[in-house]
Amino acid sequence: MAYIKYGLLGALLVVAQVAQAGEVRVAVAANFTAPVQEIVPLFEQASGHKVQLSFGSTGKFYAQIKQGAPYDVLISADTATPQKLDGDGLTVPGSRFVYALGTLVLWSAQPGLVDDKGAVLRTGSFNKIAIGDPKLAVYGTAAQETLEGLGLWKAVSPKLVRGENITQTYQFAATGNAELGFIALSQITKGGKVTGGSWWIVPAHHYKPIEQSAVMLFSAKDTEASKAFLAFLKGPQAASVIRSYGYGLPGE
């Protein structure tokens, strides 16, 4: 009888946990695709909540949220967009925080093409260079700022291929449709190491700091699950994953 009682109790606890489990609909800036795909299973295992991910450019997500898109949380590639949403009254006050500091990198799938000072940009020995659309993608804006600061924007403009988001920009460079691409360091980093090709980590003084913020949206259906997800994103397990993809962390 004791075994039956304990078995029933265990079953009831499982049912109760499932009943309490919620779902978080998260809009994720494209540069954070790989890290969040590692973070979500850790969160789901720890919390019992489920996460539904959508990926895209921060600029497009802003427009969608303004039009009532059904997201609970925005993981942005910048701080300005969540701040604008704050001003629009579309976020939960006090929920916004910086979760990562992004790094811009000039990358080529071809080993040896990009030197460690980015001098390849001045040689002009390439046909196409990919950047994210500066109107939509934060890393695209950083790329434009870098090229303008180097006095190369006009010279390379005829060779630019613009990606709708940083994932598409990476694909242009990875497939060889563009020999070079300004992308997020996180896209070519795994376990703290760059995975292949050749690259130049753009010095931070060439572009405005890429402070990436997350925020809970006012329209969130499951506020408890959304709060739990954001709390997990601030925690040590998520921080370890974020750091392994080449991001900096606030306060470090």
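Just so it is clear, the structure is predicted and the values come from calculations on it, not from any experiment.

Engineer: For this particular structure, what's the right way to read the packing of helix 9 (residues 223-234) against helix 10 (residues 236-244)?
Structural biologist: The packing of two helices is summarised by the inter-axis angle and the distance between the axes. The N-to-C vectors of helix 9 and helix 10 enclose an angle of 55°; their axes lie 5 Å apart at closest approach. Considering the angle they form, helix 9 stands oblique to helix 10. Across from Phe-232, Leu-233 and Lys-234 in helix 9, the residues of helix 10 making contact are Pro-236, Gln-237, Ala-238 and Ile-242. Among the residues making up the contact of helix 9 with helix 10, the classes are represented as five nonpolar, one polar and one charged.

Engineer: Just checking my understanding: could you explain the pairing of strand 12 (residues 210-216) for this structure?
Structural biologist: Burial analysis of strand 12 places six of its seven residues in the buried class, which makes it a mostly covered element. Of the strand pairs in this sheet, strand 3 (residues 73-75) and strand 12 are connected by three bridges, and their pairing is antiparallel. If you follow Leu-74 over to strand 12, its bridge partner there is Val-215. With five bridges joining them, strand 4 (residues 97-102) and strand 12 adopt antiparallel strand pairing. When the sheet's bridge partners are listed, Val-98 is paired in strand 12 with Ser-213.

Engineer: Help me understand the packing of helix 2 (residues 33-47) against helix 10 in this model?
Structural biologist: Orientation of helix 2 relative to helix 10, taken along the N-to-C sense of each, is 160°, at an axis distance of 9 Å. Compared by their axis directions, helix 2 and helix 10 come out roughly antiparallel. The handedness of the crossing between helix 2 and helix 10 is right-handed. Judged by residue contacts, Pro-35, Glu-38, Ile-39 and Leu-42 of helix 2 engage Gln-237, Ala-238, Val-241 and Ile-242 from helix 10. Residues belonging to the contact of helix 2 with helix 10 are distributed by class as follows: six nonpolar, one polar and one charged.

Engineer: Just to check I follow, could you spell out the side chain of Thr-91 for this structure?
Structural biologist: Position of Thr-91 among the secondary structure elements: in the loop between helix 4 (80-87) and strand 4. Classification of Thr-91 as buried rests on a relative accessible area of 6%. Thr-91 has contacts with Pro-82, Leu-85, Asp-86, Val-215, Met-216, Leu-217 and Phe-218, leaving out every residue within four places of it along the chain.

Engineer: Mind showing me how you'd approach the environment of Ser-47 here?
Structural biologist: With respect to the helices and strands, Ser-47 occurs in helix 2. Through-space distance from the C-alpha of Ser-47 to that of Pro-203 is 39 Å; in sequence the pair is 156 residues apart. Within polar-contact distance, the side chain of Ser-47 engages the backbone oxygen of Phe-43 at 2.8 Å. At a separation of 3.0 Å, a polar atom in the side chain of Ser-47 contacts the main-chain amide nitrogen of His-49.

Engineer: I'm lost on the side chain of Asp-72 in this one. Help?
Structural biologist: Topologically, Asp-72 is positioned in the loop between helix 3 (58-66) and strand 3. You can call Asp-72 buried: its relative accessible area is 1%. In terms of polar contacts, Asp-72 uses its side chain to reach the side chain of Arg-25, at 2.6 Å. With residues up to four places along the chain from it excluded, the contact list for Asp-72 reads Glu-23, Val-24, Arg-25, Val-215, Met-216, Leu-217, Ser-219, Ala-220, Lys-221 and Ser-226.

Rules of the game
- Residues numbered from 1 in each chain as written.
- Predicted model: local features only at pLDDT ≥ 70, side-chain atom pairs only at ≥ 80, totals over all residues.
- Heavy atoms only, no water.
- Axes fitted to C-alpha atoms, helices over the stretch in contact; angles between N-to-C directions.
- Helix = DSSP H or I, 4+ residues; strand = E, 2+ residues; numbered from the N terminus.
- Parallel < 35°, antiparallel > 145°, perpendicular 65-115°, else oblique.
- Contact = heavy atoms within 4.5 Å.
- Nonpolar A, V, L, I, M, F, W, Y, C, P; charged D, E, K, R; others polar.
- Buried < 20%, exposed > 50% of the residue type's maximum accessible area, 1.4 Å probe, protein only.
- Pairing = 2+ DSSP bridges.
- Left-handed = near helix turned anticlockwise from the far one by under 90°.
- Polar contact = N/O pair within 3.5 Å; in protein donor to acceptor, adjacent residues only side chain to side chain.

Functional significance is not addressed by these values, which are geometric in nature.
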